[in-house]
Amino acid sequence: MKVTLRQLKVFESVASHSSYTRAAEELHLTQPAVSMQIKQLEGNIGLPLFERLGKKIYLTEAGKELYGYSSSISRQLNEIEEILENMKGLARGRLRVSVASTANYFTTRLLAGFSKLHTGVTVVLDVTNRAGLLTQLANNETDLVIMGQPPQELDLVTTAFMENPLVVIAPLNHPLATENQIPFVRLQDETFVVREPGSGTRIAMERYFSERGARLTTGMEMTSNEAIKQAVEAGLGLGIVSIHTLELELETGRLTVLDARAFPILRHWYIVHRQGKRLSPIAQAFKIFVLEEATSMASKTLN
Ligand code: PGA
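My aim in this report is to walk through the structure given alongside it, one point at a time. These numbers were taken from a predicted model, which means no experiment stands behind them.

**Points about the pairing of strand β5 (residues 144-147)**
- Here β5 shows two buried faces, one formed by L144 and I146 and the other by V145 and M147.
- Relative to β5, strand β3 (residues 93-100) runs parallel, the two being bridged by three bridges. In the strand pairing of β5, V99 is matched with I146.
- The sheet contact formed by β5 and strand β11 (residues 265-274) spans three bridges and is antiparallel. Across the sheet, I146 pairs through a bridge with I271, a residue of β11.

Dropping the structure here:
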């Protein structure tokens, strides 16, 4: 069956007005042009769509069937037109953001603020470690990524927006908890509970020790910052985590940050996307929002 959208539009107009003349007026066509379109449509379908009884025209059974379908096709066309129009703006759409597990401590607050301003936007958030983020960037599976130091190898657009200091944490009763200016070498005698390989935090702490020619003794390995903090609190070792993961523990005094020399390890958070990525207006708006919010967020977390 060969039917064009134009024929369906003409058919729908004639059917809804029960009149060729009114349809011609509505579509700014001549009446013969309308008749021609209907004739062609009937020819394509192989069945009459209208019947004339006296002065009035009526839909045939085939016409009634077609009318049901053509109305739903135009509704869907209108819908998709509206959706595509909205995608050109900020009213609706989907934002795919992937963040490092450690960045999730502040990202949810950012997303909440952004969602309040753009209520029609659906946010799809994925939380994974650095290695997972790099895979997603390589496979173009996400719009924007929030991560630590981005790698050089990928063609990325990266903007640093907030400091990410990594500190040494200990239980309150640890012998080093009361010492000041702990020399770096003293940390070599301690065991550290560490994140999984592929974690940006883990890579950063290992690099920091090896750059200083120092020995890093690692104990248990865990896949989340929450697990690390609990293990440290339980006395299983010291930990090195981002200050952004510690808000609650520092407030409630469950852990302490050691006054260790050469710490914190100074890192930054970056908002990242692939070079050449066609960011949607929503993704662009989120990037700007993050950069604007970062300053006030940083002062709240670090004070
Ligand atoms: P992560 O954090 O340890 O959760 O992967 C990312 C990073 O600090 O680079």
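**Quick notes on the site of the ligand**
- Of all residues adjacent to the ligand, which total 13 residues, the nearest are T102, S199, G200, T201 and R267.
- In this structure, R130 approaches the ligand through a main-chain N or O atom, which is 3.1 Å from an oxygen atom.
- Note that an oxygen atom of the ligand is positioned 3.2 Å from one of the side-chain N or O atoms of R195.
- With the chains in place, 99% of the 280 Å² that the ligand exposes on its own is no longer accessible.
- Among the cavities detected, the one that contains the ligand is the largest cavity.
- Of all the secondary-structure elements, those providing two or more residues to the shell around the ligand are α7 (200-211) and β11.

Conventions used here
- Residues numbered from 1 in each chain as written.
- Predicted model: local features only at pLDDT ≥ 70, side-chain atom pairs only at ≥ 80, totals over all residues.
- Heavy atoms only, no water.
- Buried < 20%, exposed > 50% of the residue type's maximum accessible area, 1.4 Å probe, protein only.
- Helix = DSSP H or I, 4+ residues; strand = E, 2+ residues; numbered from the N terminus.
- Pairing = 2+ DSSP bridges.
- Near = heavy atom within 4 Å.
- Polar contact = N/O pair within 3.5 Å; in protein donor to acceptor, adjacent residues only side chain to side chain.
- Areas by Shrake-Rupley, 256 points an atom, 1.4 Å probe, with all protein chains shown as cover.
- 1 Å grid on protein atoms, 1.4 Å probe; cavity = no way out; pocket = protein on both sides within 12 Å on 5 of 7 lines; lining within 4 Å.
- Sits in = over half its atoms within 2 Å of the grid points.

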